[in-house]
Amino acid sequence: MPKREDIKSVMVIGSGPIIIGQACEFDYSGTQACRVLKAEGIRVILVNSNPATIMTDPEFADATYIEPITPDFVEKVIAKERPDALLPTLGGQTALNAAIALHENGVLEKYGVEMIGASFDAIHRGENRQLFNAIVDKVGGEVARSFVCHTLDDCEKAVAELGYPVVVRPSFTMGGTGSGIAYSEDDLARIAGAGLSASPTTEVLIEESIIGWKEYELEVMRDKADNVVIICSIENLDPMGVHTGDSITVAPAMTLTDREYQHLRDLAIGIIREVGVDTGGCNIQYAVNPADGRVIVIEMNPRVSRSSALASKATGFPIAKIAAKVAIGYTLDEIPNDITMRSDGSSTPAAFEPTLDYVVVKVPRFAFEKFPGADPRLTTHMKSVGEAMAIGRNFTEALQKALRSLESKDAAFDWHQEWVELDKDALLAEIEVPHDGRLKKVMDALRAGATADEVFDHTKIDPWYVDQLLLINEIAEEVTAAPELTPELLRKAKRHGFSDVQIGKIRGMSADVVRGVRHALGIRPVYKTVDTCAAEFAAATPYHYSSYDEESEVAPRERPAVIILGSGPNRIGQGIEFDYSCVHAALTLSEAGYETIMVNCNPETVSTDYDTSDRLYFEPLTLEDVLEVVHAEEQAGPVLGVICQLGGQTPLGLAQGLKDNGVTILGTSPEAIHLAEERGAFGRVLADAVLPAPKYGMATSFPDAHRIAAEIGYPVMVRPSYVLGGRGMEIVYDDAALEGYIGRSTEIGPAHPVLVDRFIDDAVEIDVDALYDGEELFLGGVMEHIEEAGIHSGDSSCALPPITLGKAEIDRIRTATEAIARGVGVHGLLNIQFALGSDVLYVLEANPRASRTVPFVSKATATPLAKAAARVMLGESIAELRAAGVLPMTGDGGTLPADQPIAVKEAVMPFNRFRSPDGKQVDTVLGPEMKSTGEVMGFDADFGSAFAKAQAGAFGPLPTSGKVFVSMANRDKRHMIFPIKVLADHGFEILATQGTAEVLRRNGVQATVVRKHYEGEGPNGEKTTVQLILDGDIQLVINTPNGSASGSSARLDGYEIRTAAIMANIPCITTVQGLGAAVQGIEALERGEIGVRSLQDWARR
Amino acid sequence: MAAAILVLEDGRTFTGEAYGAEGETFGEAVFNTGMTGYQETLTDPSYHRQVVVMTAPHIGNTGVNDEDQESSRIWVAGYVVRDPARRVSSWRAQRSLDDELRTQGVVGISGIDTRALTRHLRERGAMRVGISSTETDPAALLERVLASGEMAGSELSSEVSTAAAYVVPAHGEKRFTVAALDLGIKTMTPYRMAERGIEVHVLPATATIDDIRAVGPDGLFYSNGPGDPAATTHQIEVLQGALADELPYFGICFGNQLFGRALGFGTFKLKYGHRGINQPVMDRTTGKVEVTAHNHGFAVDAPLEGTTSTPYGEASVSHVCLNDDVVEGLELRAPTGSASEPGRLKGFSVQYHPEAAAGPHDAAYLFDRFVQLMEGTV
């Protein structure tokens, strides 16, 4: 049954901004789908608001719409493009929900668009609890006993039947939003209350608790001929009670007999058939009682999921690609498996089940350090922001590789000699509650003498896994006790995943010495291949992982190779944007005739797709692991060098170590990187170029910091040196706050100084991405922040081209950028942050690497900056790239034409994911430390429309009616009158604080006064602004903070209001420029004039 | 832990640790790619005289229980794993695999690069191998490997078959009686028939056509089993007799190869065989793909397209492996030109394992087809 001929055009919906529970795995799946569909000659129409994705590169679709994924905007695209079909199963819950809305409001029927991949009915059966439970029952499975509830009363009745604890699961939310475990009445009221409001259908499920059971997941694929295959089984090391996204997971399942596994498989096949996912993939989760094997089916996702991305990387079976093919009518036996070759050179078919001869471990990466006060306990509500995956020939090797892939100093096991006294009972109590870092505590408990059974009793972690941890500990003890590190012992430790760093710590020597000894003994890893078939057939794809085994499978090659280091697990401040640049480098260098070799450990990414680069090494990004890859590739053929500047801080941090070990670093040298990152050296660069920087000093103690602050004058910005994403950065306004900050910075000292900078108040912040080849500067883009200075650039919205800067300012920026690029010695990309205050252009910082904004700039200006950068690193000049058509023939991002559309970037925050242990919202104050997980882009001819789109994509559409709350700083009151009057004329009801209301009234705008937050509730129960916002009584917030007073109540009040707006998911305007933009946007929305336009169409203008 | 060596007949040597019983063993080296089901594999009589290399690294995690045995003992001649479990974890486990191997005297080796060994067998083909924890000199072991017996040309089913006939009663009401020739039968096979109301008379491999007739069967079944089908003559003659009697026939694995030979086709040794539980097979009558359990080193040589006339009817290939186009099933039908019921199914067989222990249950419908064959409804 070949491809359907009636489908000529398909609309693919992406997943929008990166948020917790929905990360770049959907860029990976969507990119695969677009590639497949295009290759089949189908016209691909893509909608995604996230500019940092590969899928929104114009070459991946015929019409790429960077537009908000809301029913309104998607309908506009449908009306314009009239696709034959809509494929909603590859863009996460966002795409699925958009498709459901378009079905329910009749748009799909109106335009004759067929949903492919999964029908509306199948999605409904998969996601509606009652229907799904009936299906499980029908196929002979069991679900947890449960009750569907629509009110809190219902919930209490359900608990009366089931008894505590119960699990609360809201319907139709993604990533487990709003779900949790209730142990008491208070818990129930809190969790179920939130769940009911989070659910679009005001529905939650109250369910019997199966906490502590073994948890499994199967990835299933079905075609229209009813062929069904299981791609992968995944077992959670953390038992039931922890969201799969937050669990350490293992593939394949380790502790099931064949009978039990086949039972799960039979259920999966029965369920996918009954639900009716007839052309695509889905995943099904199970709980298994460790005492008697009773199986409970937990849920299914009738779409490609985060686990699908993991399963694809774990097995080599490209689930999204195959899902796209079966969606357009192919059957599995007609689709070749790209990886495996028959002896005649043809491929074996995709209609089979991958088998693994290795173990895959995925570990979550958390960001609790970014959200002080957040409850770090792990529950059914996903909290991790990223993940790392590792492959080994056994579990211990894979686990230890995965832990060091996290790049968190607390992640890897540590047997340092100076360990603290370990208290077994305290540790056993501690590991009872799942939390970030529990595994290390489990190891500590074992070190303290706990038995595998004791650990099982306290954690329900399967004894087989506990025994594997025990094995690791036994080897550590052997290494500790051995009179000398014999080759046998060293080899044994390496076979179980010990890094040189770990061994060195145990033996009291440096990792370099361990490596030297190891190399002298010839103990090096070999590289095996992920081939879907456990070596039964020859593999055509060089997808490798290291193992301390005997035989290596790295093939010799002729062409010179370039090794590209990826960015590792997603975290706040380092995510998909860096993967974007790495992927671009791989694509362009392949085209230019190089052999591209990718090293990365993030299973969610496009870079770890086996066909993105010529060779893929799924390896931790540590010096040891990268040096071994370089060595293996040097044995295979010529290696030109390593690219470190595209994957963010992770590879950048490796550059010096690699160079010290004789590896060529392509592009900007490690010395130049140091020059930009070390404040003193960078200060000299600026001084030489006569560029002003805010006054600053470096402190190693409080008296130090105090002296510097006194010199500079408050407010000052304090932060540790060498950090990404503004980690630990704060603006302090007085001595007390400064002392508090230094007191909390436990690591402060000569090796870890704290930077004290002057905070330039009331300034416009500017971000620049530029390319420098040693001679010529190409200004990629100049972005003007819409928020006031002081908010981390990753969290601010910004506009490109800059909306209030003229040619003179841009020329100054260009001159300064060029001077810095030359002074530092940049060869490739450079990102600089400037602040323009009182007509002085200050240089805040410079990063000689690809920045977070490279994809945004590239999309906005239709210039492939990362590709150009990769080629500059390999020696091409900007002039040559202009001639080759990679860069525009003339001009650059600083000389954009007058009809250049405006791109607005808006950040998306994860605050709604975190609660304090007592259930309160965590502090949502924005500041110099980055907290956003993702971003969207609004793109249109004028700023107002672009701004409206960015708001719609990030939070939901700007309102066109309702109540507006206004609170303006004194300096802004004069500028607000006209725009607020416009809003009032459009019928908005205006609420304001006392001072603002007075000014408005005097200018003929009626405004109702509401109480400030610090005033508290009024005597007659009058709500404060914050309460009104949280209660959903206000549709738009306009609040410009008073930037002057140090820690004044006005500023704090502003933060409280902003926090409330974020929690209530309503737009919050914080600048006068933003207000003007919002008013323009609202007017455009009201007139119904905001249209949609594809990137390809913009490019043709 | 004692050291052990593994030497292939082409001289390639691997050094590891003794696993299971200590001692020395020889057999044909084959690899199995199943990620679950090691206990079923070990107790599958078809692995008689074979040294099985497990490609999945962790083996023994769920221990051993009495329910999952596919016969009364472990049959493999030797066992090769990478990382044996130190601790058993399963609510059904009764003992550890390590203990079981030792108790049954099965010599194994662990800690070797099983993937390298698998790749070697894939490229060079299945070959003889020796494992020893008593010999330290690979050259000396190689000599003994070269002196050991070859798989090709070996008749082995008589070595694994039951000595005496026995009956597996039907579950519930008995609907049919089947004579099942034990050429290395697995426990799950008669169980699957009994579930469908079949009383299964399991007969020794040496049973004659008269022994079969004596059961008064509605159908005849030939099981899986070890060895080279070309070295078998007795069971082929018996099968030809039964086909002449118009006795409905169903065969699995070795029973497929013997069916092929009884119909006049040849058999041949595959380079490295199919051993795993993820093999895609297409049922050519429906166009559907089933994921199936395989364990075969030999295959039937029959034309993939068209039918072949035989003295018993028209034979055709019903199932094909999608990975390599190997014949995975045969069908025998009344000739289209025959006067009575042209095209009626008379017998069928598959090269793989619908009883699926270990393995997916996709092919369980074949037992229903056997019932329909005996009912005359197919």
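If you tally the helices and strands in chain A, you get 37 helices and 42 strands. For a compact globule of 1101 residues, the expected C-alpha radius of gyration is about 31 Å, and chain A comes in at 28 Å, within 12% of that figure. Over its C-alpha atoms, taken along the principal directions, chain A stretches across nearly 80 × 65 × 65 Å. Here chain A holds 1101 residues, and 66% of them are scored as buried. Contacts in chain A between residues far apart in sequence, at least 24 positions, make up 71% of those at least 6 positions apart. Taken as a whole, chain A presents about 35,100 Å² of accessible surface, with 50% of it coming from carbon and sulfur. When the 100 basic and 155 acidic side-chain charges of chain A are each reduced to a single mean position, those positions are 3 Å apart.

Scanning chain B from N- to C-terminus turns up 10 helices and 20 strands. The C-alpha atoms of chain B give 21 Å as radius of gyration, which agrees with the globular expectation for 378 residues (21 Å, within 12%). C-alpha extents for chain B along the principal axes are approximately 70 × 40 × 40 Å. Looking at chain B residue by residue over its 378 residues, the buried ones come to 66%. When contacts within chain B are restricted to residue pairs at least 6 apart in sequence, long-range pairs at least 24 apart make up 73% of them. For chain B, the exposed surface amounts to about 12,300 Å²; the carbon and sulfur share of it is 48%. The averaged location of the 49 negative side-chain charges in chain B is 4 Å from the averaged location of its 31 positive side-chain charges.

Residues and elements named next belong to chain A. Here 3 strands make up an open sheet; going across it, the order is β16-β15-β20 and the pairing antiparallel. The sheet is open, and its two edges are formed by β16 (347-349) and β20 (538-539), each paired on a single side. Note: strand β15 (residues 336-341) against β20, 2 bridges, orientation antiparallel. If you follow Met341 over to β20, its bridge partner there is Ala538.

Here chain A shows a mean pLDDT of 90. Residues at 70 or above account for 96%. Taken together, the stretch residues 1043-1051 of chain A has pLDDT below 50 and engages in 13 contacts with residues farther than four places along the chain or on a different chain.

This brings us to the pairing of strand β22 (residues 561-565) of chain A. All names here are of chain A. Counting buried positions along β22 gives 5 out of 5 residues, so the element sits mostly inside the fold. Side chains of β22 alternate between two faces, with Ala561, Ile563 and Leu565 and Val562 and Ile564 buried alike. Strand direction decides the pairing type here: β22 and strand β23 (residues 595-600), joined by 5 bridges, are parallel. By the bridge assignment for β23, Ala561 is matched with Glu595. Once you follow β22 into helix α20 (residues 576-591) and on to β23, the crossover reads as right-handed. With 4 bridges connecting them, β22 and strand β25 (residues 639-643) associate as parallel partners.

It helps to recall that an α-helix has 3.6 residues per turn; residues three or four apart then point in one direction. All names here are of chain A. Counting buried positions along helix α11 (residues 319-327) yields 9 of 9 residues, so the element is predominantly enclosed. When we look at burial in α11, the residues that qualify are Ile319, Ala320, Lys321, Ile322, Ala323, Ala324, Lys325, Val326 and Ala327. Just beyond α11, the residue with positive phi is Gly329, at close to 115 degrees.

As a further point, take the side chain of Lys346 of chain B. All names here are of chain B. Secondary-structure assignment places Lys346 in strand β20 (residues 345-350). Residue Lys346 is classed as buried on the basis of its relative accessible area of 11%. Sequence-distant contacts of Lys346, that is, excluding residues within four places in its chain, are made with Glu246, Leu247, Pro248, Tyr249, Tyr312, Leu332, Arg333, Ala334 and Leu373.

Quick look at the packing of aromatic side chains now. Residue and element names in this part refer to chain B. This model, assessed by the stated rule, comprises 19 aromatic pairs over all chains. Taken together, the aromatic side chains of Phe221, Phe250, Phe348, Phe367 and Phe370 make up a single cluster linked through ring pairs. One cation-aromatic arrangement involves Lys269 over Phe298; the distance from NZ or CZ to the ring centre is 5.5 Å. Stacked on the ring of Phe348, the Lys or Arg Arg369 has its end atom at 6.0 Å from the ring centre.

A word on the sheet that holds strand β28 (residues 716-720) of chain A. Residue and element names in this part refer to chain A. Reading across from one edge, β27-β30-β28-β29 is the order of the 4 strands in this open sheet, with antiparallel pairing throughout. The open sheet terminates on both sides in strands that have one partner only, identified here as β27 (696-699) and β29 (730-732). The sheet shows a mean angle of 25 degrees between the axes of neighbouring strands, taken without regard to direction. Contacts from helix α25 (residues 702-712) reach β27, β28 and β30 (754-758) within the one sheet, and its direction differs from that of β27 by about 170 degrees.

Packed helices, taken two at a time, are described by the angle between their axes plus the distance between the axes. All names here are of chain A. Where helix α12 (residues 395-405) contacts helix α16 (residues 463-481), the two axes come as close as 10 Å, and the packing angle between them is 75 degrees. Taken together, α12 and α16 sit at an angle that is classed as roughly perpendicular. In contact with Phe395, Thr396, Leu399 and Gln400 of α12, α16 contributes Trp464, Tyr465, Gln468, Leu469, Leu471 and Ile472. Looking at side-chain class alone, the contact of α12 with α16 contains 7 nonpolar, 3 polar and no charged residues.

This part takes up a nonpolar patch on the surface. Among the surface-exposed residues, Val513, Val517 and Leu521 of chain A lie close enough to one another that they form a single nonpolar patch of about 200 Å² accessible area. With respect to the helices, strands and loops of the structure, Val513 of chain A is situated in helix α19 (residues 511-520).

Moving on, we come to a negative patch on the surface. A contiguous patch of negative charge on the surface is contributed by Asp153, Glu156, Glu185 and Asp186 of chain A. Within the element layout of this structure, Asp186 of chain A appears in helix α8 (residues 185-198).

One can find Asp549 of chain A in the loop between β21 (543-547) and β22. Of the residues examined, Asp549 of chain A reaches a relative accessible area of 7% and is grouped as buried. Sequence spacing of Asp549 of chain A and Pro463 of chain A is 86 residues, and the spatial spacing of their C-alpha atoms is 26 Å. Other than its neighbours up to four places away in sequence, Asp549 of chain A contacts Arg393, Arg495, Val526 and Lys528 of chain A together with Arg82, Ile112 and Asp113 of chain B.

Another aspect to go through is the interface of chain B and chain A. Contacts between the two partners involve 55 residues from chain B and, on the opposite side, 69 residues from chain A. For the pairing of chain B and chain A, the buried interface totals around 5,100 Å² over both sides, and the portion due to carbon and sulfur atoms is 44%. Among the residues of chain B in contact with chain A, Arg86, Trp91 and Arg115 of chain B are the three that bury the most area, contributing 17% of the side total. At the boundary of chain B with chain A, the tally comes to 17 salt bridges. Between Arg265 of chain A and Asp362 of chain B there is a salt bridge, and its shortest N-O distance comes to 2.7 Å. Counting the contacts that link chain B with chain A gives 43 residue pairs in polar contact (both at pLDDT 80 or more). Secondary structure elements with two or more residues in the side of chain B that touches chain A: β2 (13-20), α3 (114-124), β15 (266-283) and β16 (288-301) of chain B. Top element by residues in the side of chain B that touches chain A is β15 of chain B. It accounts for 7 residues. Broken down by class, the residue content of the side of chain B that touches chain A amounts to 19 nonpolar, 19 polar and 17 charged.

Residue and element names in this part refer to chain A. For the coordinates displayed, the defined rule picks out 110 salt bridges over all chains. Linking Glu114 and Arg4 is a salt bridge whose minimum nitrogen-to-oxygen distance equals 2.6 Å. You can see Glu114 sitting in strand β5 (residues 114-115) and its partner Arg4 sitting in the segment before β1 (9-13), a full 110 residues away along the chain. We note a salt bridge from Glu595 to Arg559, for which the minimum N-O separation is 3.0 Å. A residue pair is termed long-range when its members are at least 10 positions apart, and Glu595 in strand β23 and Arg559 in the loop between β21 and β22 qualify at 36 residues. On the basis of relative accessibility, which here comes to 10%, the residue Glu595 falls in the buried class.

On to helix α21 (residues 623-636) of chain A. Residue and element names in this part refer to chain A. Over its 14 residues, α21 runs 20 Å from end to end, which matches the ideal 20 Å to within 8%, given 1.5 Å per residue. Counting buried positions along α21 yields 10 of 14 residues, so the element is predominantly enclosed. Looking only at α21, the buried set comprises Glu624, Asp625, Val626, Leu627, Glu628, Val629, Val630, Ala632, Glu633 and Ala636.

Our next topic: unusual backbone geometry. Between Ala251 of chain A and the following residue, Pro252 of chain A, the backbone shows a cis peptide bond with an omega angle of -5 degrees. Following the sequence through the fold, Pro252 of chain A ends up in the loop between β12 (249-251) and α9 (258-275). In this model, Ala357 of chain B is joined to Ala358 of chain B through a cis peptide bond whose omega is 0 degrees. Relative to the helices and strands, Ala358 of chain B resides in the loop between β20 and α10 (365-375). Of note in the backbone geometry, Glu407 of chain A takes a positive phi value of approximately 55 degrees without being a glycine. Mapped onto the elements, Glu407 of chain A comes out in the loop between α12 and α13 (424-432). Despite not being glycine, Asp325 of chain B shows a phi value in the positive range, around 60 degrees. On the secondary structure map, Asp325 of chain B appears in the loop between β18 (313-321) and β19 (327-333). Given a relative accessible area of 36%, Asp325 of chain B falls into the partly exposed group.

Thresholds applied
- Throughout this document, residue positions are counted from 1 along each chain, in the order its sequence is written.
- Key to labels: chains lettered from A, ligands numbered from 1, both in the order written.
- Predicted model: local features are reported for residues with pLDDT of at least 70 only, side-chain atom pairs are reported and counted for 80 or more only, and whole-chain, interface and lining totals are derived from all residues.
- With hydrogens and water set aside, each side-chain value is computed from the structure's full complement of heavy atoms.
- The numbering of helices and of strands both runs from the N terminus, where a helix is a DSSP run of H or I of at least 4 residues and a strand a run of E of at least 2.
- It is over C-alpha atoms that the radius of gyration is taken, and the globule rule equals 2.2 Å times the number of residues to the power 0.38.
- Residue exposure (1.4 Å probe, protein chains only): buried if accessible area is under 20% of the type maximum, exposed if over 50%, otherwise partly exposed.
- In what follows, a contact means two residues having at least one pair of non-hydrogen atoms within 4.5 Å.
- Note that accessible areas follow from Shrake-Rupley with a 1.4 Å probe, and for residues the cover is restricted to the protein chains shown.
- For this count, His and the chain ends are skipped, Lys and Arg are scored as positive, and Asp and Glu as negative.
- Taken as the charge location is NZ of Lys, CZ of Arg, CG of Asp or CD of Glu.
- If DSSP finds at least two bridges between two strands, the strands pair.
- What pLDDT conveys is the predictor's confidence in a given residue, as a value from 0 to 100.
- Handedness of a crossover is defined as follows: with both strands directed away from the viewer, a clockwise route from the first strand across the helix to the second makes it right-handed.
- Between the rings of Phe, Tyr and Trp (Trp by its six-membered ring), a pair exists once the centres lie within 6.5 Å; its type follows the angle of the planes, with under 30 degrees stacked, over 60 edge-to-face, and the other angles tilted.
- For a Lys NZ or an Arg CZ to count as sitting over a ring, it must be within 6 Å of the ring centre and within 35 degrees of the ring normal.
- All axes here are fitted lines through C-alpha atoms, helices being fitted over the stretch that makes contact, and every angle between N-to-C directions spans 0 to 180 degrees.
- Should an angle lie under 35 degrees it is considered roughly parallel, over 145 roughly antiparallel, and from 65 to 115 roughly perpendicular; all remaining angles are considered oblique.
- Classification used: nonpolar for Ala, Val, Leu, Ile, Met, Phe, Trp, Tyr, Cys and Pro, charged for Asp, Glu, Lys and Arg, polar for all others including Gly.
- Like charges within 9 Å and nonpolar side chains (Val, Leu, Ile, Met, Phe, Trp, Tyr) within 5 Å are joined into patches, using only residues over 30% in relative accessible area that form no salt bridge.
- When a carboxyl oxygen of Asp or Glu lies within 4 Å of a side-chain nitrogen of Lys or Arg, that pair is called a salt bridge.
- What gets called buried area is simply the loss in accessible area from a 1.4 Å probe that two parts show on being joined, summed for both.
- Here a polar contact is recorded for every N or O atom pair within 3.5 Å, except that within protein the pair must consist of a potential hydrogen donor and a potential acceptor, and residues adjacent in sequence are included only if both atoms are side-chain atoms.
- Helix span, as expected, comes to 1.5 Å for every residue beyond the first.

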